[in-house]
Amino acid sequence: MAHQAAPGAGTRLFHPGFEGHSQISARTLGFWLYMLSDALLFTALFAAYAVLDTPMNAAGGPIASQIVDPVEGFWQTIAVLASVTSYSLATVAMKNGNRSGATLGIVGAIVLGAVFLAFGFNDLSVLAAHGDGMDRSGYLSAYFVLILTHAVHMLFGILWMLVMLVQIPRYGFNEMVVARLLNLRMFWQFQATVWVCVYIYVYMIGA
């Protein structure tokens, strides 16, 4: 596993041969434990959606094939995957000690994440405006809760990125900043993975 070394001119932040204790690895392990609990949360939401995704639970309201648009969901998927790619490029810049490159990659990830959320919130607002909100039926409750839970995680990730945009120029790539950036990368990639599952199960199969 790569470990942190003191950054300096012409040096990289990570050196595979470093044998000292890595606080970054310890913090990353702790964040993995949190991610496991998040995975259980989404597993429960997918299970609830699977149970309620029937015409009987639609209570006379719309079902998946009437409210989801696979084409629009495809563009959301492209946006979230592009956001992950942009953040990954920021991580590469971080490992090379490039503050401007890391900042630019994070800004790109924020913009693309915001585009993804704009698509999602527009879909939900249109449904609610037509009287098909989450209180319309059991199916719509499961649909709204699944989409909104993921959206809240995305919003938290964007807020986290905004905080890092302040910390990178202020503190540089010290141990704490690097640990937070690596954990944020893990969190952001996990949200993209969850969305791919949503797209396949809700948008493609449901349509």
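Residues numbered from 1 in each chain as written. Predicted model: local features only at pLDDT ≥ 70, side-chain atom pairs only at ≥ 80, totals over all residues. Heavy atoms only, no water.

K.L.:
In this structure, what is going on with the overall build of the protein? I would like to understand it.
P.N.:
Regarding its fold elements, the protein presents six helices and zero strands. Walking the protein from its N terminus toward its C terminus, one meets helices and strands in the order α-α-α-α-α-α. Taking all 207 residues of the protein together, the buried fraction comes to 45%. Excluding contacts between residues fewer than 6 apart, the proportion of contacts in the protein whose partners are at least 24 apart in sequence is 77%. Total accessible area on the protein stands at roughly 10300 Å², and carbon and sulfur atoms take up 70% of it. (Helix = DSSP H or I, 4+ residues; strand = E, 2+ residues; numbered from the N terminus. Buried < 20%, exposed > 50% of the residue type's maximum accessible area, 1.4 Å probe, protein only. Contact = heavy atoms within 4.5 Å. Areas by Shrake-Rupley, 256 points an atom, 1.4 Å probe, with all protein chains shown as cover.)

K.L.:
Whenever I open this one, the side chain of Glu 72 confuses me. Can you help?
P.N.:
Among the secondary structure elements, Glu 72 is positioned in helix 3 (residues 70-95). Buried Glu 72, no salt bridge; nearest opposite-charge side chain is Arg 136, N-O distance 20 Å. Sequence-distant contacts of Glu 72, that is, excluding residues within four places in its chain, are made with Phe 119 and Asp 123. (Lys, Arg positive; Asp, Glu negative; His and termini not counted. Salt bridge = Lys/Arg side-chain N within 4 Å of Asp/Glu carboxyl O.)

K.L.:
What should I look at first to understand the nonpolar core in this one?
P.N.:
Counting residues in each nonpolar core, the largest one holds 56 residues, and the members touching the most others are Ile 106, Tyr 143, Leu 181, Trp 188 and Val 198. Going through the elements one at a time, helix 1 (23-52), helix 2 (64-67), helix 3, helix 4 (99-129), helix 5 (138-171) and helix 6 (175-204) are the ones with two or more residues in this core. If you tally residues by element for this core, the top one is helix 6, at 16 residues. (Core = buried A, V, L, I, M, F, W, Y, C linked by side-chain atoms within 4.5 Å.)

K.L.:
Can you walk me through helix 5 in this structure?
P.N.:
Helical geometry: 3.6 residues make up each α-helical turn, so side chains three or four residues apart lie on a common side. For helix 5, which comprises 34 residues, the first-to-last C-alpha distance of 49 Å matches the rise-based estimate of 50 Å (1.5 Å per residue) to within 8%. Gly 172 lies just past helix 5 and shows a positive phi near 75°. (Expected span 1.5 Å × (residues − 1).)

K.L.:
Looking at this structure, I do not really get the side chain of Asp 123. What am I missing?
P.N.:
In this fold, Asp 123 is placed in helix 4. At 18 Å, Arg 136 is the nearest oppositely charged side chain to Asp 123, a buried residue that forms no salt bridge. Apart from residues no more than four positions distant in its own chain, Asp 123 is found in contact with Glu 72, Gln 76 and Tyr 203.

K.L.:
Looking at this model, I keep getting lost on the packing of aromatic side chains. Mind explaining?
P.N.:
Centre distance and the angle of the planes are the two values used to describe a pair of aromatic rings. Tallied over the full model, the rule gives 15 aromatic pairs. With 5.8 Å between their ring centres and 75° between their planes, Phe 156 and Phe 187 make a pair best called edge-to-face. On the criterion of sequence distance, the pair formed by Phe 156 in helix 5 and Phe 187 in helix 6 is long-range, its members being 31 residues apart. Every member of this aromatic cluster is reached through a ring pair, and the members are Phe 46, Tyr 49, Tyr 139, Tyr 143, Phe 144 and Tyr 201. (Phe/Tyr/Trp six-rings, centres within 6.5 Å; stacked < 30°, edge-to-face > 60°.)

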